[in-house]
Amino acid sequence: DGKAEALEFSVSTPAAYLGVPLAKLNIKPSTLIACICRNNQIIIPKGDDEIKLGDTLIVVTGTGQSYSDLNDIFEKEAVKQ
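**Student:** Any chance you could explain the overall build of the protein here in plain terms?
**Tutor:** When helices and strands are tallied, the protein shows zero helices and six strands. Shown N-terminal to C-terminal, the secondary structure of the protein runs as helices and strands in the order β-β-β-β-β-β. Taken against the 2.2 N^0.38 rule, which gives 12 Å for 81 residues, the C-alpha radius of gyration of the protein at 12 Å falls within 12% of a compact globule. With the C-alpha coordinates of the protein rotated into their principal frame, the extents come out at 35 × 30 × 20 Å. In the protein, which comprises 81 residues, the proportion classed as buried is 32%. Sequence-distant contacts, at least 24 apart, represent 76% of the contacts inside the protein between residues at least 6 apart.

Pasting the structure below:
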């Protein structure tokens, strides 16, 4: 019924969230990094996994969110202090 949306993002530019464990990232509410594809391997992410340059991510979010870029899934400060 259109209550969730899956989006695919490629990680192609350096960013503050690269190399940081997922548990330490400020991901917006109702947003889930469901899958990381790295070197043709599928990773079902856990808190200690990291996003790396060249990865492809599948992100699941509730409808009503407007994500056009991977940076959009994070709060203003992507990394928790």
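**Student:** Explain the state of the cysteines to me, please; I cannot follow it from the model alone.
**Tutor:** In protein structure, a disulfide is the covalent linkage between the sulfur atoms of two cysteines. Applying the stated criterion to the full structure yields zero disulfides. Free cysteine: Cys-35, not disulfide-bonded; nearest cysteine sulfur from Cys-37 at 6.3 Å. According to the relative accessible area criterion, Cys-37 is partly exposed, its value standing at 25%.

**Student:** Is there a simple way to think about the sheet that holds strand β3 (residues 31-38) in this case?
**Tutor:** Either a parallel or an antiparallel arrangement is found when strands of a sheet pair, and the pairing is made through backbone hydrogen bonds. One open sheet accounts for four strands, arranged β1-β5-β3-β4; its pairing is antiparallel. Sheet topology places β1 (4-10) and β4 (41-43) at the edges, where each strand pairs with a single neighbour. Averaged over neighbouring strand pairs, the angle between their axes works out to 20° when direction is ignored. Pairing of β3 with β4, which is carried by three bridges, proceeds in the antiparallel orientation.

**Student:** Can you walk me through the side chain of Arg-38 in this structure?
**Tutor:** Tracing the backbone through its elements, the reader meets Arg-38 in strand β3. Sequence-distant contacts of Arg-38, that is, excluding residues within four places in its chain, are made with Ile-43, Glu-50, Ile-51, Lys-52 and Asp-55.

**Student:** I'm lost on the packing of aromatic side chains in this one. Help?
**Tutor:** For any two aromatic rings, the description comes down to two numbers: the centre-to-centre distance and the angle of the planes. Within the structure shown, the criterion is met by one aromatic pair. Ring plane angle 20° and centroid distance 4.6 Å describe the contact between Tyr-17 and Phe-74, whose orientation is recorded as stacked. Separated by 57 residues along the polypeptide, Tyr-17 in the loop between β1 and β2 (25-27) and Phe-74 in strand β6 (residues 74-79) bring together distant segments of the chain. Note on accessibility: Tyr-17 and Phe-74 belong to one class, buried.

**Student:** So what exactly am I meant to see when it comes to the environment of Ser-66 here?
**Tutor:** Here Ser-66 is to be found in the loop between β5 (56-62) and β6. With 59 residues separating them along the chain, Ser-66 and Leu-7 place their C-alpha atoms 11 Å apart.

**Student:** Would you explain the nonpolar core in this entry?
**Tutor:** Nonpolar side chains in soluble globular proteins tend to end up buried together. Grouped together as the largest cluster of nonpolar side chains are 18 residues, with contacts concentrated most on Ile-33, Ile-51, Leu-57, Leu-70, Ile-73 and Phe-74. Those elements that place two or more of their residues in this core are β1, β3, β5 and β6. Once residues lying within four places of it in the same chain are set aside, the contact partners of Ile-73 are Phe-9, Asn-26, Ile-27, Lys-28, Thr-31, Ile-33, Val-59 and Tyr-67.

Procedures and definitions
Residue numbering note: each chain is counted from 1, following its sequence as written. pLDDT decides what is reported in this predicted model: residues at 70 or higher carry local features, side-chain atom pairs at 80 or more are listed and counted, and totals for whole chains, interfaces and linings draw on all residues regardless. Hydrogens and water molecules were not included; the side-chain quantities draw on all heavy atoms of the structure. Per the convention used, a helix needs a DSSP run of H or I reaching at least four residues, while a strand needs a run of E reaching at least two, with both numbered from the N terminus. What the globule rule says is 2.2 Å times the number of residues to the power 0.38, and the radius of gyration is computed from C-alpha atoms. Exposure categories follow from relative accessible area, calculated using a 1.4 Å probe and restricted to protein chains: below 20% of the type maximum is buried, above 50% is exposed, and the middle band is partly exposed. Two residues qualify as a contact provided that any one of their heavy atoms is within 4.5 Å of a heavy atom in the partner residue. Note that a disulfide, as used here, is simply two cysteine sulfur atoms within 2.5 Å. Strand pairing is defined by DSSP finding a minimum of two bridges between the two strands. Note on geometry: axes are lines fitted to C-alpha atoms, helical ones only across the stretch in contact, with angles between N-to-C directions running from 0 to 180 degrees. Pairing of aromatic side chains requires ring centres within 6.5 Å, counting the rings of Phe and Tyr and the six-membered ring of Trp. Pairs whose planes differ by under 30 degrees are stacked, by over 60 edge-to-face, and all others tilted. By nonpolar core is meant a set of buried Ala, Val, Leu, Ile, Met, Phe, Trp, Tyr and Cys residues that side-chain atoms within 4.5 Å join together.

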